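Observations on the three-dimensional arrangement
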Amino acid sequence: MLEPSSIFIWAACSAALPAVPPVAPLAAHPAQDSSAATAILAARCGACHDGTDGGLDVLTRAGLLAGGDAGPALVPGHPEESLLIAAVEHTHETLRMPKRAEAL
């Protein structure tokens, strides 16, 4: 089950992906402006995940879709397959972001 914060991140990031069909807002957790998710990713993740050295770039649509060494960060239409969501929820067996903090 996806946590509310993960649904927000996934929905907001998906909204930032113009080639992807829009995600219908959930009644309990309406989709927010994608600029909010972009700001969160830039502030909380961008320092380490800016695409340098071939790693994950959370600052661009292409970067999120391409992903990093572990695969695509977001899978449009399939939040349960999106590594970004599993990493921030700390539900992935090896990926945990932020590493030294509680799950987002």
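This is a predicted model, so every value here is computed, not measured.

**Notes on the overall build of the protein chain**
- Tallying secondary structure elements over the protein chain gives four helices and zero strands in all.
- Counting from the amino terminus, helix and strand elements in the protein chain follow one another as α-α-α-α.
- For the protein chain, the residues scored as buried account for 34% of the 104 residues in total.
- Considering only contacts within the protein chain whose residues lie at least 6 apart along the sequence, 37% involve residues at least 24 apart.
- On the protein chain, roughly 6,100 Å² of surface is accessible, and the fraction owed to carbon and sulfur atoms is 59%.

**Some points on unusual backbone geometry**
- P98 follows M97 through a cis peptide bond whose omega is -10°.
- Along the chain, P98 turns up in the segment after α4 (83–89).
- In this model, H90 sits at a positive phi of 60°, which is unusual for a non-glycine residue.
- Within the secondary structure layout, H90 lies in the segment after α4.

**Observations concerning the layout of surface pockets**
- Each pocket or cavity is described by its volume, and for the largest pocket that value is around 630 Å³.
- Lining the largest pocket are 24 residues; nearest its centre among them are H49, L56, L95, M97 and K99.
- Its residues assigned to classes, the lining of the largest pocket comprises 14 nonpolar, five polar and five charged.

**Details of the side chain of S82**
- Counting through the fold element by element, S82 comes out in the loop between α3 (61–66) and α4.
- In terms of polar contacts, S82 uses its side chain to reach the backbone carbonyl oxygen of H78, at 3.3 Å.

**A look at the environment of P72**
- Looking at the element boundaries, P72 is found in the loop between α3 and α4.
- Separated by 10 residues in sequence, P72 and S82 have C-alpha atoms that sit 7.1 Å apart.
- Among all residues touching P72, those that are not within four sequence positions of it are L64, L65, A66, G67 and L83.

**Things to note about the environment of P76**
- You can see P76 is positioned in the loop between α3 and α4.
- By relative accessible area, which is 31% here, P76 ends up partly exposed.
- Residues P76 and L65, 11 residues apart in the sequence, show an inter-C-alpha distance of 8.3 Å.

**Observations regarding the confidence of the model for the protein chain**
- Overall, the predicted model of the protein chain reaches an average pLDDT of 75, with 64% of residues at or above 70.
- The low-confidence segment residues 18–31, where pLDDT is below 50, has 12 contacts with residues more than four positions distant or belonging to other chains.

Each value, and the rule that gives it
- Residues numbered from 1 in each chain as written.
- Predicted model: local features only at pLDDT ≥ 70, side-chain atom pairs only at ≥ 80, totals over all residues.
- Heavy atoms only, no water.
- Helix = DSSP H or I, 4+ residues; strand = E, 2+ residues; numbered from the N terminus.
- Buried < 20%, exposed > 50% of the residue type's maximum accessible area, 1.4 Å probe, protein only.
- Contact = heavy atoms within 4.5 Å.
- Areas by Shrake-Rupley, 256 points an atom, 1.4 Å probe, with all protein chains shown as cover.
- 1 Å grid on protein atoms, 1.4 Å probe; cavity = no way out; pocket = protein on both sides within 12 Å on 5 of 7 lines; lining within 4 Å.
- Points joined across faces, edges and corners; volume = space filled by probe spheres on them.
- Nonpolar A, V, L, I, M, F, W, Y, C, P; charged D, E, K, R; others polar.
- Polar contact = N/O pair within 3.5 Å; in protein donor to acceptor, adjacent residues only side chain to side chain.
- pLDDT = per-residue confidence, 0-100.

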